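So the chains spell out like this:
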Amino acid sequence: MSEIDPTGQTRQWSDQLSGAWERHRQFLFESERRLSEWLVDQVDPQVGDTILELAAGPGETGFLAAERLGDTGRLISTDLGAGMVAAAQRGAEKLGLDNVECRVMDAQQIDLDDDSIDGVLCRFGLMLMPEPARALAGVRRVLRPGRRLAYGVWGPPDKNPWLTLMVGALLQNGHQPPGDPFGPGGPFSLADPARNRALLDDAGFTEVDVEELSGSMAFADFDQYWTVQSEVSGPVALLIGTLASDETEAIRETLEPMLAEFQTPQGYEFPWHTLGVSVR
Ligand SMILES: C[S@@+](CC[C@H](N)C(=O)[O-])C[C@H]1O[C@@H](n2cnc3c(N)ncnc32)[C@H](O)[C@@H]1O
């Protein structure tokens, strides 16, 4: 066993940040809703199907699928973190969805029968896994022949300034978030379409479609941007949570002018860029 347990570290931030993800759930879902809708359309859930969502967080993407499954179908909403799974459970109850089962599950160890699933969804999860190949092999094992996996991952950093500018302000103030953003489990580890194609090819998927999907996320003001991003952004948020208030203030002062080009009369609007991947 290796000394470092990257999945354990992810579980730790996931559990610590799940309260913030639940508080901001609607914002986080709506900001990239376009990607969620694309993913669900690719999987094309039918009444009676069993759909699996991996790394579901508070669950909203899967809930779009659950609405199409009827009483005879089932969404299995899963995440590594128990706090995220509890948030998903509450979300499903609030929406009155009684065809949703929420379970703690490491996507790299899918605990389901072979050929038991009609479609798999994963929004902003696969790139955070240190062993995405294991996750993909598991997906292929549980998917019924001919059915689809659709996932979304962040595109390159220069097209996602909403994250990179905050990291830049941290670095300028001498605080380095842990991990390599391009290495296994890093937020940009699957930003290259060729890397996704190679992984999918190795996992035995034959029909692979990679699309670039982009949009924008809007914030009413700098405080809203800071609050959301400093509370939900994985290891970055954990790092900020450890800082003293004068250190946080210094980062905010560095960051605010860096965001000027994204200021609008309504607040701030940042572009986002993702890869939507749909495979059979
Ligand atoms: C960036 S959040 C995305 C949440 C949600 N899918 C969304 O789009 O809003 C990443 C989620 O992946 C989960 N995650 C990371 N590694 C995982 C793994 N190995 N297995 C299952 N979930 C994982 C985290 O717990 C977290 O909830």
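Preceding this paragraph is the structure being described.
The notes below deal with the structure included here. (Residues numbered from 1 in each chain as written. Predicted model: local features only at pLDDT ≥ 70, side-chain atom pairs only at ≥ 80, totals over all residues. Heavy atoms only, no water.)

What to know about the site of the ligand
In the vicinity of the ligand, 17 residues are found, and the nearest of them are S14, A55, D79, A107 and R123. A distance of 2.8 Å separates a nitrogen atom of the ligand from a polar backbone atom of A55. Look at the ligand: alone it shows 590 Å² of surface, and the protein chains cover 95% of it. In terms of residues, the shell around the ligand owes the most to one element, helix α1 (residues 6-23), which gives three residues. Looking at the shell around the ligand residue by residue, the classes come out as 10 nonpolar, four polar and three charged. (Near = heavy atom within 4 Å. Polar contact = N/O pair within 3.5 Å; in protein donor to acceptor, adjacent residues only side chain to side chain. Areas by Shrake-Rupley, 256 points an atom, 1.4 Å probe, with all protein chains shown as cover. Helix = DSSP H or I, 4+ residues; strand = E, 2+ residues; numbered from the N terminus. Nonpolar A, V, L, I, M, F, W, Y, C, P; charged D, E, K, R; others polar.)

Brief notes about the side chain of S14
For S14, the position within the fold is in helix α1. Those residues in contact with S14, other than ones at most four positions away along the chain, are D79, G81 and M84. (Contact = heavy atoms within 4.5 Å.)

What about the nonpolar core?
Ranked by internal contacts, the top residues of the largest apolar core, which has 83 residues, are L52, L136, L149, Y151, F205, L255 and F270. When near neighbours in sequence (up to four residues on either side) are disregarded, L149 contacts V120, L136, V139, L143, F205, V277, S278 and V279. (Core = buried A, V, L, I, M, F, W, Y, C linked by side-chain atoms within 4.5 Å. Buried < 20%, exposed > 50% of the residue type's maximum accessible area, 1.4 Å probe, protein only.)

Side note on unusual backbone geometry
Outside of glycine, negative phi angles account for most residues, and trans bonds account for most peptide bonds. A positive phi angle, close to 50°, is found at D44, a residue other than glycine. Tracing the backbone through its elements, the reader meets D44 in the loop between α3 (33-43) and β1 (50-53). D44 sits in the partly exposed class, given a relative accessible area of 39%. Backbone geometry at F124 places phi at a positive 55°, although glycine is not the residue there.

Considering the packing of aromatic side chains
Applying the stated criterion across every chain, the model contains 10 aromatic pairs. Following the ring pairs from residue to residue traces out a cluster consisting of F27, F219, F222, Y225, F262, Y268 and F270. Positioned above the aromatic ring of F205 is the side chain of R140, whose terminal nitrogen or guanidinium carbon lies 6.0 Å from the ring centre. (Phe/Tyr/Trp six-rings, centres within 6.5 Å; stacked < 30°, edge-to-face > 60°. Lys NZ or Arg CZ within 6 Å of the ring centre and 35° of its normal.)

Focus: helix α6 (residues 132-142)
Looking at α6, one finds that the buried residues are P132, A135, L136, G138, V139 and V142. Projection of α6 onto a plane perpendicular to its axis shows the buried side chains occupying an angular sector of 160°, all on one side. (Arc of directions from axis to C-beta.)

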